Amino acid sequence: MTNMETRMAALEQRLQQLEDQNAIYQLLTSYGPSVDSCSAAKTGALWTEDGVYDSSLAATPFVGRDGVADLVNQESHQGYVKQGCAHVISLPHIVISGDSAVATCYSRVYLREGDHYRVERVSANRWELERTGQGWRVKLRTNRLVMPADEHRALLGRGVPEPHAN
Amino acid sequence: MTNMETRMAALEQRLQQLEDQNAIYQLLTSYGPSVDSCSAAKTGALWTEDGVYDSSLAATPFVGRDGVADLVNQESHQGYVKQGCAHVISLPHIVISGDSAVATCYSRVYLREGDHYRVERVSANRWELERTGQGWRVKLRTNRLVMPADEHRALLGRGVPEPHAN
Amino acid sequence: MTNMETRMAALEQRLQQLEDQNAIYQLLTSYGPSVDSCSAAKTGALWTEDGVYDSSLAATPFVGRDGVADLVNQESHQGYVKQGCAHVISLPHIVISGDSAVATCYSRVYLREGDHYRVERVSANRWELERTGQGWRVKLRTNRLVMPADEHRALLGRGVPEPHAN
């Protein structure tokens, strides 16, 4: 019985790891549809109550769930929406440590232009996440435009460790 | 023993959820390589027998597995292929309810132009899926070009609920 | 007890499948951040000791972990980095057979141009992977630019089988 008990506990732990990763995928893939459909409440709900979105496009960070939610009402965002825009993230690389996690990925904003699309922005993204009573939420999202300068490169470099045994 | 039985059943159910999500990832990532390699049979096989593809690019929906398969033979698709094209979807957000599921994501068509690429199309996508005896298949794919009009925004908004506990 | 033993063994095997797929996602999503942050060691470490990267952009394949690592020092890569670049892969389709796997996906290189971005390259990718004592590693990555010619189409076609029961 002890042997079965041990195997069961190991399975439960391994499954939890995959469920955590999956829940983070689900959280991050909610972002684009939420902002592109101008759903302020859904956008804010992806963050923790005191979560922060530090974007290289905004003069100051968006602070708190309401602050983040409000980004969909900003003039610049509304301008994008009226033109036709899509906020798309890439498959993230995720490092989970207990109740915290870091997801590193790229984001792009595509804008309608004439009869096709322009790649308006490409950014490196670091999402610092926290397991809350309501599931995984964003504590701090930092994004940096991909530029000749190296700020976005530092962000990418620290998000992805050398691959280890798995 | 009852306790072990209960834990085992819970594990089996949780694992099934992840396997379903994963099977849908595998199904959707088959679409691009199938149409870009002009594999009509593989493309059709992703849909249910009576599945539908309602695209904002086509005057009428593609109906049935054979109807969907035939899209790779359309003049517009063949024109793209001759120019060099890539149909790429983003990581989808997936909501599973028993034997049905909805996947919401973005798709892009990149076209070779001169010595680089043009973003020819960006669309919001809703894939309504069904678990069949042969695995998950597409019952209805709806895609809408990202435009100033708001049809694609409604599609995005209804695909992604507010995040819940997980 | 036998029944529980059988169910446990089945669960362990199913979980292993998902963990393998997940480990491959993690490996492939390490590539972009590694090359875009010019981390030669991290880039090389994604490959097996004798792994190969056969790129349609390079006159000869990059051979061995050190050879692959060195690609971040190439003049062409350094030029991209100085301009501001992002190497982004799409969600891969993965076929696992024991200790080998094939992942098929698209990759794009976005380059900063003026105040927005150009899609510099779009390629079809085939990653042949191997389970090593240190986890999954790349044995052979083949990428082919999406072109009017059909080389990339053959690569895409052979990577994705018709969907099967799951």
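Student: Before we go on, may I ask you to explain the interface of chain A and chain C in this structure?
Tutor: Size of an interface: often given as the accessible area lost when the parts come together. Listed as interface residues are 38 residues of chain A and, on the opposing side, 50 residues of chain C. Across the interface of chain A and chain C, roughly 3700 Å² is buried in total on both sides, 63% from carbon and sulfur atoms. Applying the counting criterion to the chain A and chain C interface returns 3 salt bridges. Between Glu19(C) and Arg14(A) there is a salt bridge; the shortest N-O distance is 2.8 Å. Across the chain A-chain C interface, the total number found is 17 residue pairs in polar contact (both at pLDDT 80 or more). Broken down by secondary-structure element, the contributors of at least two residues to the side of chain A that touches chain C are helix H1 (2-28), strand S4 (93-97), strand S5 (100-113), strand S6 (116-132) and helix H6 (151-159) of chain A. Sort the elements by how many residues they give to the side of chain A that touches chain C and H1(A) lands first, with 9 residues. In terms of residue class, the side of chain A that touches chain C is made up of 22 nonpolar, 8 polar and 8 charged.

Student: Just to check I follow, could you spell out the relation of the copies chain A and chain C for this structure?
Tutor: Each of the two chain copies goes to the other by way of a rotation about an axis and a shift along it. Take chain A, turn it by 120 degrees, move it 0.0 Å along the axis, and it overlays chain C with an RMSD of 0.0 Å. Taken together, the turn and the small shift mark the pair as related by a three-fold rotation axis. Ranked by how close their C-alpha atoms come to the rotation axis, the residues of chain A are headed by Leu91(A), at 3.5 Å.

Student: Whenever I open this one, empty space enclosed by the protein confuses me. Can you help?
Tutor: To find leftover empty space, one rolls a probe the size of a water molecule over the atoms. Overall, the coordinates contain 7 cavities of 30 Å³ or more when judged by the stated rule. Taken as a whole, the largest cavity spans an internal volume of roughly 160 Å³. Leu18(A), Gln21(A), Asn22(A), Tyr25(A), Leu18(B), Gln21(B), Asn22(B), Tyr25(B), Leu18(C), Gln21(C), Asn22(C) and Tyr25(C) are the residues that line the largest cavity. Breaking the lining of the largest cavity down by element, the ones donating at least two residues are H1 of chain A, helix H1 (2-28) of chain B together with helix H1 (2-36) of chain C. Grouping the constituent residues of the lining of the largest cavity by class yields 6 nonpolar, 6 polar and no charged.

Student: Can you walk me through the pattern of salt bridges in this structure?
Tutor: Close approach of charged atoms allows side chains of opposite charge to pair. For the coordinates displayed, the defined rule picks out 36 salt bridges over all chains. For Glu113(B), the salt bridge goes to Arg118(B), with nearest N and O atoms at 3.0 Å. When its relative accessible area of 34% is taken as the criterion, Glu113(B) is described as partly exposed. In this structure, Glu49(C) and Arg65(C) form a salt bridge, with 3.3 Å as the shortest nitrogen-oxygen distance. Here Glu49(C), found in strand S1 (residues 47-55), pairs with Arg65(C), found in helix H3 (residues 64-69); they are 16 residues apart in sequence, far enough to count as distant. Beyond isolated ion pairs, a larger network of salt bridges with shared partners links Glu5(A), Glu12(A) and Arg7(B).

Student: When you look at the confidence of the model for chain A in this model, what are you seeing that I'm missing?
Tutor: The predicted coordinates should not be examined in detail at positions where pLDDT is low. Across chain A, pLDDT averages 94, with 97% of residues at or above 70. Interface confidence for the predicted complex, given as ipTM, is 0.94, next to a pTM of 0.95.

Student: Got a minute to help me understand the interface of chain B and chain A in this structure?
Tutor: Across the contact, 38 residues belong to chain B and 50 residues belong to chain A. Interface of chain B and chain A: buried area, both sides summed, is about 3700 Å²; carbon and sulfur atoms make up 63% of it. Linking chain B with chain A are 3 salt bridges, by the criterion used here. Applying the counting rule to chain B against chain A returns 18 residue pairs in polar contact (both at pLDDT 80 or more). Looking at the side of chain B that touches chain A, the elements that each hand over two or more residues are H1, strand S4 (93-97), strand S5 (100-113), strand S6 (116-132) and helix H6 (151-159) of chain B. Broken down by element, the side of chain B that touches chain A gets its largest block of residues, 9 residues, from H1(B). Across the side of chain B that touches chain A, the residue classes break down as 22 nonpolar, 8 polar and 8 charged.

Student: I tried to follow helix H5 (residues 75-83) of chain B on my own but got confused; where do I start?
Tutor: For an α-helix, the turn length of 3.6 residues means that residues three or four places apart are oriented alike. Within H5(B), burial applies to His77(B), Tyr80(B) and Val81(B). With its buried residues spanning 100 degrees around the axis, H5(B) presents them on a single face. Exposed and oriented more than 90 degrees from the buried face of H5(B) are Glu75(B), Ser76(B) and Lys82(B). Each element contacted by the buried residues of H5(B) is listed here: helix H2 (31-36), strand S3 (85-89), S5 and S6 of chain B together with helix H5 (151-159) of chain C.

Student: Sorry if this is basic, but what is going on with the state of the cysteines here?
Tutor: When the sulfur atoms of two cysteines share a covalent bond, that bond is a disulfide. Per the counting criterion, the structure on display carries 0 disulfides over all chains. Looking at the unpaired Cys38(A), the closest cysteine sulfur is the one in Cys85(A), lying at 7.4 Å. Judged by relative accessible area, which is 29%, Cys38(A) ranks as partly exposed. Cys105(C) provides the cysteine sulfur closest to Cys105(A), a residue in no disulfide bond, and the two sulfurs are 16 Å apart. For Cys105(A), a relative accessible area of 1% puts it in the buried group.

Student: When you look at the packing of aromatic side chains in this model, what are you seeing that I'm missing?
Tutor: Geometrically, a pair of aromatic rings is defined through the distance of the ring centres and the angle of the planes. On inspection of all chains with the given rule, the structure shows 21 aromatic pairs over all chains. Between Tyr31(B) and Trp127(B), the aromatic rings sit 5.9 Å apart at their centres with planes inclined by 75 degrees, giving edge-to-face as the arrangement. Placement of the pair is Tyr31(B) in helix H2 and Trp127(B) in strand S6, with a sequence separation of 96 residues. Using a relative accessible area of 4% as the deciding quantity, one classes Tyr31(B) as buried. Considering the side-chain rings of Trp47(C) and Trp127(C), the 6.1 Å spacing of their centres and the 50 degrees angle between planes classify their relative orientation as tilted. Of this pair, Trp47(C) sits in strand S1 while Trp127(C) sits in strand S6 (residues 116-132); the two residues are 80 residues apart in sequence, bridging distant segments of the chain. For the pair formed by Trp47(C) and Trp127(C), the shared burial category is buried.

Each value, and the rule that gives it
Residues numbered from 1 in each chain as written. Chains lettered and ligands numbered in written order. Predicted model: local features only at pLDDT ≥ 70, side-chain atom pairs only at ≥ 80, totals over all residues. Heavy atoms only, no water. Contact = heavy atoms within 4.5 Å. Buried area = accessible area lost by both parts, 1.4 Å probe. Salt bridge = Lys/Arg side-chain N within 4 Å of Asp/Glu carboxyl O. Polar contact = N/O pair within 3.5 Å; in protein donor to acceptor, adjacent residues only side chain to side chain. Helix = DSSP H or I, 4+ residues; strand = E, 2+ residues; numbered from the N terminus. Nonpolar A, V, L, I, M, F, W, Y, C, P; charged D, E, K, R; others polar. Least-squares fit on C-alpha atoms with pLDDT ≥ 70 in both. 1 Å grid on protein atoms, 1.4 Å probe; cavity = no way out; pocket = protein on both sides within 12 Å on 5 of 7 lines; lining within 4 Å. Points joined across faces, edges and corners; volume = space filled by probe spheres on them. Buried < 20%, exposed > 50% of the residue type's maximum accessible area, 1.4 Å probe, protein only. pLDDT = per-residue confidence, 0-100. Arc of directions from axis to C-beta. Disulfide = S-S within 2.5 Å. Phe/Tyr/Trp six-rings, centres within 6.5 Å; stacked < 30°, edge-to-face > 60°.

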